[in-house]
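# Structural overview
These are the residues of each chain, in order.
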Amino acid sequence: MKKIIIAVFLFFSFLEVCGQYTSIDSTKNKTNVEFKLKSLIIPSILIGYGVVGLKSLTLKDIDNSAKNEFREHDDKKTNIDDFSQYSPLLSVYGLNALGIQGKHNFKDRTIVLATAYLLMGSSVNILKKTTTVTRPDGSSANSFPSGHTATAFMGAEFLYQEYKEVSVWYGITGYVVAAGTGLFRLHNERHWFTDITTGAGIGILSTKIAYWIHPLIMKNIFKERTNATGIVMPFYNGKEYGLGLTLTF
């Protein structure tokens, strides 16, 4: 069961990138991403699977089987997922720092990231508070969906969109790391399989929406502000992990 789950998760991650490679086009302004209805298919499937899993006894059985498989073969926990969730999005800034230019300048890509993070974070927190699903380890009742996985897939889509014209392999690498983050959440018994599929779908969709509405945001909010500096850094306060965004115009 564990090998099947890993294979399925990696397959959807790879399919997401490959599907976008042919289905998402740029407008005449090559920094804008045109809306394509087919781009909603994979994130909708991922989110839908998790939502159905809240009530479906069959999917709950799959959740329990996955938990038991990971518990049986892997008893040593790790906190690598607390850091890997940020790797794809930080890679965008790292690549730019190395001189490998992506689609947007610092200001535009940071506004896109901030928008995606706001959409993703709001969606995840609302669902956590309204669904009250108990975590596999029984530690709390805010399991659904996985915020770590949502952050990782949000960053993977961000990395893909910024660098797909340079090389599709940047996006594939980001999605592999994101999938690994989700699997570590399973391994650590912090989430059910339905949690991580929904988190993945929310993360992907949040970034897609952020790119689609970016021209509107720039036109109506930042149209007269051309210079920007800032920093993007993860933080840890002893209890919680998060992402800090500072942007100065």
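Up top is the structure.
Anyway, here's the lowdown on the structure attached to this text. (Residues numbered from 1 in each chain as written. Predicted model: local features only at pLDDT ≥ 70, side-chain atom pairs only at ≥ 80, totals over all residues. Heavy atoms only, no water.)

This brings us to the overall build of the protein chain. Looking only at helices and strands, the protein chain features 9 helices and 2 strands. Starting at the N terminus, the α and β elements of the protein chain follow one another as α-α-α-α-α-α-α-α-α-β-β. Counting contacts in the protein chain only where the partners sit at least 6 residues apart, residues at least 24 apart contribute 76% of the total. Roughly 12100 Å² of accessible area belongs to the protein chain as shown, and the carbon and sulfur atoms make up 61% of that amount. (Helix = DSSP H or I, 4+ residues; strand = E, 2+ residues; numbered from the N terminus. Contact = heavy atoms within 4.5 Å. Areas by Shrake-Rupley, 256 points an atom, 1.4 Å probe, with all protein chains shown as cover.)

Here we take up the pattern of salt bridges. Evaluation of the coordinates by the stated rule reveals 5 salt bridges. The residue Arg190 makes a salt bridge to Asp137 at a minimum N-O spacing of 3.0 Å. Here Asp137 lies in the loop between α6 (106-131) and α7 (147-163) and Arg190 lies in the loop between α8 (168-187) and α9 (193-220), a separation of 53 residues in the sequence. Between Glu157 and Lys208 there is a salt bridge, and its shortest N-O distance comes to 3.5 Å. One end of the pair, Glu157, is in helix α7; the other, Lys208, is in helix α9, and 51 residues separate them in sequence. You'll find Glu157 and Lys208 in the same group, each marked buried. Residues joined in a network through salt bridges with shared partners are Arg71, Lys77 and Glu189. (Salt bridge = Lys/Arg side-chain N within 4 Å of Asp/Glu carboxyl O. Buried < 20%, exposed > 50% of the residue type's maximum accessible area, 1.4 Å probe, protein only.)

Bringing the nonpolar core into the picture now. One finds Leu89, Val92, Leu113, Met120, Met154 and Phe158 to be the most contacted residues of the largest nonpolar core, which totals 20 residues. For this core, the elements supplying multiple residues, two or more each, are α5 (87-97), α6, α7 and α9. Leu46, Ala152, Tyr160 and Ala179 belong to the second-largest nonpolar core, a separate cluster that totals 13 residues. (Core = buried A, V, L, I, M, F, W, Y, C linked by side-chain atoms within 4.5 Å.)

Attention now moves to the environment of Tyr49. By the secondary structure assignment, Tyr49 is in helix α2 (residues 41-53). Here the alpha-carbon distance between Tyr49 and Leu59, two residues 10 residues apart in the chain, equals 8.4 Å. The residues touching Tyr49, leaving out its near neighbours within four places in the chain, are Leu59, Ile62, Phe193, Thr194 and Thr197.

Our focus in this paragraph is the packing of α2 against α9. Between α2 and α9, the shortest axis-to-axis distance is 7 Å and the interhelical angle comes to 145 degrees. Every pair of crossing elements has a handedness; the one defined by α2 and α9 is left-handed. Taken together, the residues of α9 that come into contact with α2 (itself represented by Pro43, Leu46, Ile47, Tyr49, Gly50, Val51 and Gly53) are Phe193, Thr194, Thr197, Thr198, Ala200, Gly201, Ile202, Ile204, Leu205 and Lys208. (Axes fitted to C-alpha atoms, helices over the stretch in contact; angles between N-to-C directions. Left-handed = near helix turned anticlockwise from the far one by under 90°.)

Attention shifts here to α2. When the terminal C-alpha atoms of α2 are compared, their 18 Å separation across 13 residues agrees well with the 18 Å that a helix rising 1.5 Å per residue should span. Considered for burial, the residues of α2 that qualify are Ile42, Pro43, Leu46, Gly50 and Gly53. The arc that holds the buried residues of α2, viewed along the axis, is 105 degrees, so those residues lie on one side. (Expected span 1.5 Å × (residues − 1). Arc of directions from axis to C-beta.)

Glancing now at the packing of aromatic side chains. According to the stated counting rule, one finds 6 aromatic pairs in the structure shown. Taking the centre distance of 6.4 Å and the plane angle of 45 degrees together, the rings of Tyr93 and Phe158 count as tilted. Pair noted here: Tyr93 is in helix α5 and Phe158 is in helix α7, with a separation of 65 residues, a long-range link. Their ring planes at 65 degrees and their centres at 5.7 Å tell us that Phe153 and Tyr175 sit as a pair that is edge-to-face. With a gap of 22 residues between them, Phe153 in helix α7 and Tyr175 in helix α8 connect regions that are remote in the sequence. Tyr175 gets classed as buried once you look at its relative accessible area, which sits at 1%. By way of ring pairs, the aromatic residues Tyr93, Phe106 and Phe158 are connected into one cluster. (Phe/Tyr/Trp six-rings, centres within 6.5 Å; stacked < 30°, edge-to-face > 60°.)

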